[in-house]
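This is what each chain is made of:
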Amino acid sequence: LFWSFLLLLLVMTFWSVIAVEVVHPLIQELAEKGTWSDCERCRVAFSSVWMANLTFFQTIIAGDSWGLLALPVIEAHPLSGVIFVGAILTLAVGLLNLVVVIMVDTIAEKRSKDIVARADEMDYEEVEEKKV
């Protein structure tokens, strides 16, 4: 589970680096036009890799305020949608499903060990009954 979260962080950082280089200048351009006059954080959402990681975590993992930030950028610059959609597909659909698979696999493994232990217990009880 630790490794899947580390992989999630690495992929999110990959998209963050791209977003800082490509999306941040677009956001600055839109902010100067007054697109986000009521949102102080929108201007700095992709200003650094750390801020981009926080933004992707907030918008993709937590599912908060996606339309506030991404939609105006995509409407003004449609090719930026490749970055946003790519981040969603790899993080939400791909890697978060990986976390779920690992958790389900861990539970299934524990269940199979429990079944083996129960079978051993039944065999022991059967041997004890034959002794009597």
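Right above here is the structure, for reference.
I will try to describe carefully the structure that is included in this document. (Residues numbered from 1 in each chain as written. Predicted model: local features only at pLDDT ≥ 70, side-chain atom pairs only at ≥ 80, totals over all residues. Heavy atoms only, no water.)

1. Brief notes about helix H4 (residues 81-131)
Since the α-helix packs 3.6 residues into each turn, any two residues three or four apart lie on the same face.
Piece 1. Here H4 is 51 residues long and its end C-alpha atoms lie 73 Å apart, about the 75 Å a rise of 1.5 Å per residue gives.
Piece 2. Considered for burial, the residues of H4 that qualify are Gly-81, Ile-83, Phe-84, Gly-86, Ala-87, Leu-91, Leu-95 and Val-99.
Piece 3. Check the buried side of H4 and you find it contacts helix H1 (2-32), helix H2 (49-61) and helix H3 (66-76). (Helix = DSSP H or I, 4+ residues; strand = E, 2+ residues; numbered from the N terminus. Expected span 1.5 Å × (residues − 1). Buried < 20%, exposed > 50% of the residue type's maximum accessible area, 1.4 Å probe, protein only. Contact = heavy atoms within 4.5 Å.)

2. Some points on the packing of H1 against H3
When two helices pack together, their arrangement is captured by the angle between the axes and the distance separating the axes.
Piece 1. Across the interface, H1 lies against H3 with an axial gap of 10 Å and an inter-helix angle of 90°. By the angle class used here, H1 and H3 are roughly perpendicular. Along the contact surface, H1 presents Val-23, Leu-26, Ile-27 and Leu-30, while H3 presents Leu-69, Pro-72, Val-73 and Ala-76. (Axes fitted to C-alpha atoms, helices over the stretch in contact; angles between N-to-C directions. Parallel < 35°, antiparallel > 145°, perpendicular 65-115°, else oblique.)

3. Things to note about the packing of aromatic side chains
Piece 1. The full count for this structure, using the stated rule, is three aromatic pairs.
Piece 2. Measuring from centroid to centroid gives 5.3 Å for Phe-14 and Trp-15, while their planes differ by 75°, and the two rings are edge-to-face.
Piece 3. Judged by its relative accessible area of 47%, Phe-14 is partly exposed.
Piece 4. Between the aromatic rings of Phe-46 and Phe-84, the centroid separation amounts to 6.1 Å while the plane-to-plane angle is 65°, which identifies the pairing as edge-to-face. Here Phe-46 is found in the loop between H1 and H2, whereas its partner Phe-84 is found in helix H4, with 38 residues between them in sequence. (Phe/Tyr/Trp six-rings, centres within 6.5 Å; stacked < 30°, edge-to-face > 60°.)

4. What about the packing of H1 against H4?
Piece 1. Running from N to C, H1 and H4 cross one another at 175°; their axes reach a closest spacing of 10 Å. Between H1 and H4, the angle is such that the two are roughly antiparallel. Between H1 and H4, the contacting residues are Ser-4, Phe-5, Leu-7, Leu-8, Val-11, Met-12, Trp-15, Ile-18, Val-22 and Val-23 on the first element and Ile-83, Phe-84, Gly-86, Ala-87, Thr-90, Leu-91, Leu-95, Leu-96, Leu-98, Val-99 and Ile-102 on the second.
Piece 2. Of the residues in the contact of H1 with H4, the class split is 18 nonpolar, three polar and no charged. (Nonpolar A, V, L, I, M, F, W, Y, C, P; charged D, E, K, R; others polar.)

As far as function goes, none of this settles anything; it's purely spatial.
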